[in-house]
Amino acid sequence: MEHPGQYLATMRDAAPLVHNITNFVAMNVMANVLIAAGASPAMVHARAEVAEFAGIAAALTVNIGTADPEWAQGMEEAAAVMTSAGRPWVLDPVGVGATRFRQELCARLIEARPTVVRGNASEILALAGTAAKARGVDAGDSVAAAEDAARALATRTGGVVAVTGAEDFVTDGTSGLRVGNGHALMTRVTALGCSLTGVVGAFCAGQPPLEATAAALAYYGIAGERAAAQAAGPGSFQVAFLDALHAVTPAEVNASARIVPV
Ligand SMILES: Nc1ncnc2c1ncn2[C@@H]1O[C@H](COP(=O)(O)OP(=O)(O)O)[C@@H](O)[C@H]1O
Ligand SMILES: Cc1ncsc1CCOP(=O)(O)O
Ligand SMILES: [Mg+2]
């Protein structure tokens, strides 16, 4: 993929309003990540207003991490607004394999055809109905083990599926890209996967989703590498990561992205 940094530049120029229906754990972390990246986040989940709010958003992200039945209905209503307006929405199926409520909710959200599904390997396997080795919200499977499930899911939604882990995989069901950027410390701070889903939403506002998603993953991974070089552990990493998201330039993304077609 040529010039992945251009997707960061376009996102920052637009500073898109990203509407996030996300979990209680991620709300603050994700909002800070999105602001540091250059987007304009709003964390809005009340069923009474989510459809109306989606009407003014450039992108929507839907995260089931701490959903309940009332939130779930709002998620479906907001997703429908985005789909009918032709604007992108991204699903993060947090811990989908863990309970029947999560599985049934995700089955309905998949039917609503998300522009992008972003999850860890165990979540993408569980969505495909394959036995997965998740521990709650954490992955126990390799990205490679979930690639077939990702292709099948993308074919089903007509959208893009991103599987993240040590090496990320992005597909639209036909083409595939691997993204090698990132650092293991990113798994030692909560909600960095959720926050990545927000960044994917921001990049997809007005940009083609396969390339925008791969560029978002590379940018995020580069920020993780840069932060890890200065961090003593998860605490200082979290602070350095926000600084790096703010500091990484489009030129740095062009120079350091490790995106290869498969
Ligand atoms: N072992 C690893 N090495 C490098 N980067 C990683 C590793 N595991 C996860 N990441 C990165 O961490 C970010 C969050 O992904 P992940 O941990 O898969 O999400 P989740 O928190 O939803 O399980 C992604 O940018 C991913 O590339
Ligand atoms: C710990 C936890 N519990 C419910 S949602 C959540 C956050 C999960 O965040 P991530 O998927 O980014 O690790
Ligand atoms: Mg997650």
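From a predicted model like this one, the values you see are computed outputs, not experimental measurements. (Residues numbered from 1 in each chain as written. Chains lettered and ligands numbered in written order. Predicted model: local features only at pLDDT ≥ 70, side-chain atom pairs only at ≥ 80, totals over all residues.)

Remarks on the UniProt feature "binding site: substrate" (unreviewed entry) in the protein chain
Working step 1: Using the residue numbers shown here, the UniProt feature "binding site: substrate" (unreviewed entry) corresponds to Met 43 and Ala 191. Taken together, the annotated residues stretch across 149 residues yet fold into one region, lying no more than 14.2 Å apart by C-alpha.
Working step 2: Tracing the backbone shows Met 43 in strand β2 (residues 40-43).
Working step 3: Residue Met 43 is classed as partly exposed on the basis of its 19 C-beta neighbours within 10 Å. (UniProt positions renumbered as here; feature names shortened; annotations may be inferred. Helix = DSSP H or I, 4+ residues; strand = E, 2+ residues; numbered from the N terminus. Buried ≥ 20, exposed ≤ 12 C-beta atoms within 10 Å, placed from the backbone.)

Considerations on the sheet that holds strand β3 (residues 59-63)
Working step 1: Taken in spatial order, the nine strands of this open sheet run β2-β1-β3-β4-β5-β6-β7-β8-β9, and their pairing is mixed. One side of each edge strand has no neighbouring strand; the edge strands of this open sheet are β2 and β9 (259-261). Recorded for the sheet is a direction-independent mean angle of 20 degrees between the axes of neighbouring strands.
Working step 2: Relative to strand β6 (residues 160-164), strand β5 (residues 116-120) runs parallel, the two sharing five bridges. Note on β6: the bridge partner recorded for Val 116 is Val 160.
Working step 3: Where helix α7 (residues 147-157) meets the sheet, its contacts fall on β5, β6 and β7 (168-171), and the angle it forms with β6 comes to roughly 155 degrees. (Pairing = 2+ DSSP bridges. Axes fitted to C-alpha atoms, helices over the stretch in contact; angles between N-to-C directions. Contact = placed C-beta atoms within 7 Å.)

Digging into α7
Along an α-helix, residues three or four positions apart point the same way, because every turn accommodates 3.6 residues.
Working step 1: Within α7, the full set of buried residues consists of Ala 149, Ala 150, Leu 153, Ala 154 and Thr 157. Along the axis of α7, the buried residues cluster in a sector spanning 135 degrees; they form a single face.
Working step 2: If you follow the buried residues of α7, they end up packed against α5 (100-111), β5, α6 (121-127), β6 and β7.
Working step 3: One or two positions beyond α7, positive phi appears at Gly 158, with a value near 75 degrees. (Arc of directions from axis to C-beta.)

Notes on the packing of helix α9 (residues 209-228) against helix α10 (residues 234-247)
Each pair of packed helices can be summarised by the angle the axes make with each other and by the distance between the axes.
Working step 1: With their axes 8 Å apart at the nearest point, α9 and α10 run at an angle of 130 degrees to one another. When the interaxial angle is binned, α9 and α10 end up oblique. Crossing of α9 over α10 shows right-handed handedness. Residues Ala 223, Gly 224, Arg 226, Ala 227 and Ala 228 of α9 pack against Phe 237, Ala 240, Phe 241, Ala 244 and Leu 245 of α10. (Parallel < 35°, antiparallel > 145°, perpendicular 65-115°, else oblique. Left-handed = near helix turned anticlockwise from the far one by under 90°.)

Concerning the site of ligand 1
Working step 1: Taken together, the neighbourhood of ligand 1 is formed by 17 residues, with Asn 120, Thr 164, Gly 182, Met 186 and Gly 193 sitting nearest.
Working step 2: By residue class, the composition of the shell around ligand 1 is eight nonpolar, eight polar and one charged. (Near = placed C-beta within 6 Å. Nonpolar A, V, L, I, M, F, W, Y, C, P; charged D, E, K, R; others polar.)

Some remarks on the confidence of the model for the protein chain
Working step 1: Here the protein chain averages 97 in pLDDT, while 100% of its residues score no lower than 70.
Working step 2: For this predicted complex, the interface confidence score (ipTM) comes to 0.99, while the overall pTM stands at 0.99. (pLDDT = per-residue confidence, 0-100.)

Focus: the pairing of strand β4 (residues 89-92)
Working step 1: Residues Trp 89 and Leu 91 point to one face of β4 and Val 90 and Asp 92 to the other, with burial holding for every one of them.
Working step 2: Note that β3 and β4 share four bridges and pair parallel. The residue bridging Thr 61 from the neighbouring strand is Val 90, located in β4.
Working step 3: Once the chain exits β4 it traverses α5 before rejoining the sheet at β5, and the crossover so formed is right-handed. (Right-handed = clockwise from strand over helix to strand, strands pointing away.)

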